[in-house]
There are 2 protein chains.
Amino acid sequence: MGEKVKLFGSYASPFSSRVELALKLKGVPFENIEEDLANKSALLVQYNPVHKKIPVLLHGGRPVIESLIILEYIDETWDGNHAILPKDPFERALARFWVKFIDDKVLGALWMSCWSEGEKQKNFMEQSKEYLELLENELKGKKFFGGDTIGIVDIAATFIALWAIMVSRSCSISLINEEKHPILCNWIEEFLSSEVVKKSLPEKEKLFAYFHAKKEVIFATKAPAY
Amino acid sequence: MGEKVKLFGSYASPFSSRVELALKLKGVPFENIEEDLANKSALLVQYNPVHKKIPVLLHGGRPVIESLIILEYIDETWDGNHAILPKDPFERALARFWVKFIDDKVLGALWMSCWSEGEKQKNFMEQSKEYLELLENELKGKKFFGGDTIGIVDIAATFIALWAIMVSRSCSISLINEEKHPILCNWIEEFLSSEVVKKSLPEKEKLFAYFHAKKEVIFATKAPAY
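An unreviewed UniProt entry lists chain A under the name glutathione transferase, from Dioscorea cayennensis subsp. rotundata. Looking at chain A in UniProt, the text filed under Sequence similarities (unreviewed entry) is "Belongs to the GST superfamily."

A. Spatial organisation of the domain arrangement of chain A. All names here are of chain A. With domains assigned, chain A is organised as domain 1 (5-77) and domain 2 (89-221). The interface of domain 1 with domain 2 comprises 15 residues on the first partner and 24 residues on the second. In total, about 1,700 Å² of surface goes out of reach between domain 1 and domain 2, with carbon and sulfur atoms giving 67% of it. A per-residue breakdown of the area domain 1 buries against domain 2 is headed by Tyr-11, Arg-18 and Leu-21, which together make up 36% of the total. Counting every contact that joins domain 1 to domain 2 gives 2 salt bridges. A salt bridge links Arg-96 to Glu-72, with the nearest nitrogen and oxygen atoms 2.8 Å apart. Here domain 1 and domain 2 share 6 residue pairs in polar contact (both at pLDDT 80 or more) between them. If you list the elements that add at least two residues to the side of domain 1 that touches domain 2, you get helix H1 (14-26) and helix H3 (67-77). No other element matches H1, which puts 9 residues into the side of domain 1 that touches domain 2. Along the lines of polarity and charge, the residues of the side of domain 1 that touches domain 2 split into 9 nonpolar, 2 polar and 4 charged.

B. Structural context of the environment of Val-56 of chain A. Residue and element names in this part refer to chain A. The residue Val-56 is located in strand E3 (residues 56-59) in this model. For Val-56, a relative accessible area of 0% gives the class buried. Along the chain, Val-56 and Leu-44 lie 12 residues apart, while their C-alpha atoms are 7.5 Å from each other. If sequence neighbours within four positions are ignored, Val-56 has contacts with Lys-6, Leu-7, Phe-8, Leu-44, Tyr-47, Asn-48, Pro-63, Val-64, Ile-65 and Ile-70.

C. Here's a closer look at the interface of chain B and chain A. The interface is formed by 24 residues belonging to chain B together with 24 residues belonging to chain A. Summed over both sides, the interface between chain B and chain A buries roughly 2,300 Å², with carbon and sulfur atoms accounting for 72% of that surface. On the chain B side of the contact with chain A, Ile-69, Phe-90 and Phe-97 of chain B bury the most area, a combined 26% of that side's loss. With a shortest N-O distance of 2.9 Å, Glu-76 of chain A and Arg-92 of chain B are connected by a salt bridge.

D. Quick peek at the sheet that holds strand E4 (residues 62-65) of chain A. Residues and elements named next belong to chain A. Strand order across the open sheet formed by 4 strands is E2-E1-E3-E4, with mixed pairing between neighbours. The sheet is open, and its two edges are formed by strand E2 (30-34) and E4, each paired on a single side. Taking the axes of each pair of neighbouring strands and ignoring which way they run, one obtains an average angle of 25° across the sheet. Bridge analysis of E3 against E4 gives 4 bridges, and the strand direction is antiparallel. Along E4, the bridge assignment pairs Leu-57 with Val-64.

E. Main features of the UniProt feature "domain: GST N-terminal" (unreviewed entry) in chain A. UniProt annotation of "domain: GST N-terminal" (unreviewed entry) refers to residues 3-82 of chain A when read in the numbering used here. With 38% helix and 22% strand, residues 3-82 of chain A has end C-alpha atoms that lie 21 Å from one another.

F. The arrangement of the environment of Glu-138 of chain B in detail. Residue and element names in this part refer to chain B. Within the element layout of this structure, Glu-138 appears in helix H5 (residues 118-138). For Glu-138 and Ile-183, which are 45 residues apart along the polypeptide, the C-alpha to C-alpha distance reads 9.6 Å. Excluding residues within four positions of it along the chain, Glu-138 makes contact with Trp-98 and Phe-145. Within the structure, the side chain of Glu-138 is placed 3.3 Å from the side chain of Trp-98, a separation counted as a polar contact.

G. Broad picture of the relation of the copies chain B and chain A. For the pair chain B and chain A, the superposition axis carries a translation of 0.0 Å, the fit reaches an RMSD of 0.0 Å, and the rotation angle comes to 180°. Such a turn and shift between the copies fits a two-fold axis. For chain B, the smallest separation between a C-alpha atom and the rotation axis is recorded for Asp-104 of chain B, amounting to 5.1 Å. The share of interface residues of chain B whose copies in chain A are also at the interface is 100%, consistent with both copies meeting through the same surface.

H. Representation of the side chain of Asp-75 of chain A in the model. All names here are of chain A. Structurally, Asp-75 is set in helix H3. Asp-75 gets classed as buried once you look at its relative accessible area, which sits at 6%. At a separation of 2.8 Å, a polar atom in the side chain of Asp-75 contacts the side chain of Lys-26. Looking at Asp-75, its side chain comes within polar contact range of the main-chain nitrogen of Ile-84, at 2.9 Å. With near-sequence residues (within four places) excluded, Asp-75 lies in contact with Lys-26, His-82, Ala-83, Ile-84 and Leu-85.

Rules used in this analysis
Residues numbered from 1 in each chain as written. Chains lettered and ligands numbered in written order. Predicted model: local features only at pLDDT ≥ 70, side-chain atom pairs only at ≥ 80, totals over all residues. Heavy atoms only, no water. UniProt positions renumbered as here; feature names shortened; annotations may be inferred. Domains from an automatic or database assignment. Contact = heavy atoms within 4.5 Å. Buried area = accessible area lost by both parts, 1.4 Å probe. Salt bridge = Lys/Arg side-chain N within 4 Å of Asp/Glu carboxyl O. Polar contact = N/O pair within 3.5 Å; in protein donor to acceptor, adjacent residues only side chain to side chain. Helix = DSSP H or I, 4+ residues; strand = E, 2+ residues; numbered from the N terminus. Nonpolar A, V, L, I, M, F, W, Y, C, P; charged D, E, K, R; others polar. Buried < 20%, exposed > 50% of the residue type's maximum accessible area, 1.4 Å probe, protein only. Pairing = 2+ DSSP bridges. Axes fitted to C-alpha atoms, helices over the stretch in contact; angles between N-to-C directions. Least-squares fit on C-alpha atoms with pLDDT ≥ 70 in both.

See below:
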């Protein structure tokens, strides 16, 4: 399986960034193929005919789909020095639990807190508060969700460390702050200052500008998708 | 880790049945603890404080949560003769893709086709049609989604084999039929006639009566949860 690895992704997508970060943690060389999401390539549709979405990892000519599934594939395929999931089955289950919690609950609540108004926004912000407290508690006594090193929960939480901060700033609301979430804020600092993370994520200001420019459009559609 | 295995579940839940089936496929003895979902036990809330939901698998005094995560835990913990996931990373990724597709797309569309009316129902039935065609195609040339033996996709699809059939019957609509889905119907027959499946699932008629009795309540709440 020495064939070149390709990642069909998008600059502003936290889901592409998850895969990029995992490949870099493992030291797997790959080609990054930037998709225009308004005009998806025939190859993307061919490789992901069911959802027609990024990210798609192409390895040995075969497509792997869905960011979290790709992360498990990467961990199983390239052993390397950096384990993305713990080895112990119970610890693996715990990590998968938090990953699912982030995807099913946290991301939607944070995102919708930014892109809704009035009573609806108040409810999403309440939800976000509750979820962030759970994550704050989960991080107690640890540098990363994965312990001393970046693991699958940290990778899944990339959205929180960068996107949630940038998007809430562009919408002038405060979701995560030093006073209420000191441990989470410390994690964000540690995570974003890691060399491999820096190399995998889009530039803060460029991302801020991207969402700031999109603000009117996203509000107008009333059906945001991140 | 020789401590007794306990499953906190509910008779009518397809998610509990997934875990029960996986444990029986592996030959793991366990104690089934029936939860009253209208009055959850203090133990359930203690073991799953975030979601307070079944199923919870207790092993060595430690809780594992979320049915699909429990299935992976079972496969990693008890090797046994029956593999729930394939060994090859690419095949594993494919299986996880279909499992996620079933949970994120198929279940909701089938369920809501039964519990909605008018235009809304029409849309859910259209979605169901599209999703079932994809599953029909995925099953081509195979006895089970897992190949010759029952795998994680089959276990995840338990809802389709039994619940979707019973619930749609109780609501007098047709979702899956021999004419449009011959391969899927053949799979349902093979799956439900397997001895271990028979021992893991609730009785057809009892389940039918359960949902038939609940019909008015579910319609009234307008917020069904399966």
